[in-house]
Amino acid sequence: MRRLFPVTDETAAPGGRSGASGGGRGGPGGGGGEDGAGREWSLAELAAAYAYPEAEAGSGPGGGREPWLRANMVSTLDGAAQHEGRSQPISCPADMRIFGTLRALADVVLVGAETVRQEGYRPARARAEFAAAREAAGQGPAAAVAVVSASLDLDFSLPLFASPLVPTLILTGSAAPPDRVAAAEAAGVRVVTAGEGAGVDPGRAVRALAERGYTRLLTEGGPRLLGQLVAAGVLDELCLTVAPMLTAGDAQRIAGGPAVTLPRRFTLKSMLEEDGFLFTRYARP
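Residues numbered from 1 in each chain as written. Predicted model: local features only at pLDDT ≥ 70, side-chain atom pairs only at ≥ 80, totals over all residues. Heavy atoms only, no water.

Chemist: Give me the side chain of Asp107: which residues, what numbers.
Modeler: With respect to the helices and strands, the residue Asp107 is situated in the loop between helix 3 (93-105) and strand 3 (108-112). Within the structure, Asp107 has its side chain in polar contact with the side chain of Gln139 (distance 2.7 Å). Setting aside its immediate chain neighbours within four residues, Asp107 contacts Gln139, Ala143, Ala144, Gly213, Tyr214, Thr215 and Arg216. (Helix = DSSP H or I, 4+ residues; strand = E, 2+ residues; numbered from the N terminus. Polar contact = N/O pair within 3.5 Å; in protein donor to acceptor, adjacent residues only side chain to side chain. Contact = heavy atoms within 4.5 Å.)

Next comes the structure, spelled out in C-alpha cells:
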C-alpha cells in the first residue's frame, strides 16, 4: 500500500519510496523496495491513518465527546455500490483490512435494516490487536451495532441479535409495531426511539447514540440510509474505496433517496492505493 495524498517529499519524488515522509519501515505509509512498490500496512498503521479526530471532552451531549459520524463505502468506477445486491464482489483484501480497522476504532456501527438482511450481518468481534487501544480510549471490547428499522421486520434469532459480544441496538420511530418492539426486547435487543411516526430522524439518532456514550460513529450504509444521513447534514466524513471495476447495469450508488438542495462540498484528507484500488477519506470543512 502507498500513500498518494497528502503529498510529501517521498510521495512526490519520482521512483521514491511509497508513504508518508519520515514513515520508514515502522511508520504510517512506510514504503518497501526501491521501485516504490508498497508493502502491506500493519493494523497499527491503518489505525493511525484512520484515527478519529481529537474531540474536546465536555462539548457533546451530556458533557461527553462531540459525536463524529463517518461512512465507509465502496464504489466501482461507474458508480455501482453493489454487484448482484452485495458489496463483497467489488471489494478486495486491503479494503476488508480497512473495513475491519474502521470497525475496531468505532464505538458503534450504524446500519440499515435492508443491509442487515442482504449482507448477512454479524456482530462486531473483539480483536486482540486493538484490545489495548480500545481499553485506553474507554471503549468496550467491540463496537455495538445499531440497526435503523421502521418495521423491525428482522430475524431476532440471528447472531447479530441473539449472541452479540455487545448488545445490539435498534433505532426506530415512535410508531413502530408494538409486537415487534416486544419481540426485539425479549431477544435482548435495546430499542431506541429516535423519531416521530414510523421513521427515524438522522439527527435525533446521532444524538441518542451520543447520549449513550457512542460518539465515534461509523455507518456502513446501505445507500438508502447513507442518503438520509447526507440529506440531514449529519455526515462528518466519508471513507470511500474506489474499485478499478466497471459493472454497468442498474446497481445502486453509495447514497440514494431525495437529492439535497445544494451539493455539499467535502475536503480530501487522504488517499491510499493498492493494486489499483483507491482508499480515500473526505471530511466536512
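Additional details are given in the paragraphs that follow.
Chemist: Which residues make up the packing of aromatic side chains, and what values do they have?
Modeler: The full count for this structure, using the stated rule, is one aromatic pair. Judged by centre distance (5.2 Å) and plane angle (80°), the ring pair of Phe156 and Phe161 falls under edge-to-face. Comparing Phe156 with Phe161 shows no difference in burial state: the two are buried. For Arg70, the ring lying beneath its charged end belongs to Tyr52, and the centroid distance is 4.1 Å. (Phe/Tyr/Trp six-rings, centres within 6.5 Å; stacked < 30°, edge-to-face > 60°. Buried < 20%, exposed > 50% of the residue type's maximum accessible area, 1.4 Å probe, protein only. Lys NZ or Arg CZ within 6 Å of the ring centre and 35° of its normal.)

Chemist: Tell me about the nonpolar core, and name the residues and values.
Modeler: Ranked by internal contacts, the top residues of the largest apolar core, which has 44 residues, are Tyr50, Val147, Ile170 and Phe279. In contact with Ile170, not counting residues within four places along its chain, are Val147, Ser149, Leu152, Leu154, Phe156, Phe161, Ala184, Val189, Arg190, Val191 and Val192. Judged by nonpolar contacts, the second largest core, of 29 residues, contains Ala71, Val166, Val192 and Leu238. (Core = buried A, V, L, I, M, F, W, Y, C linked by side-chain atoms within 4.5 Å.)

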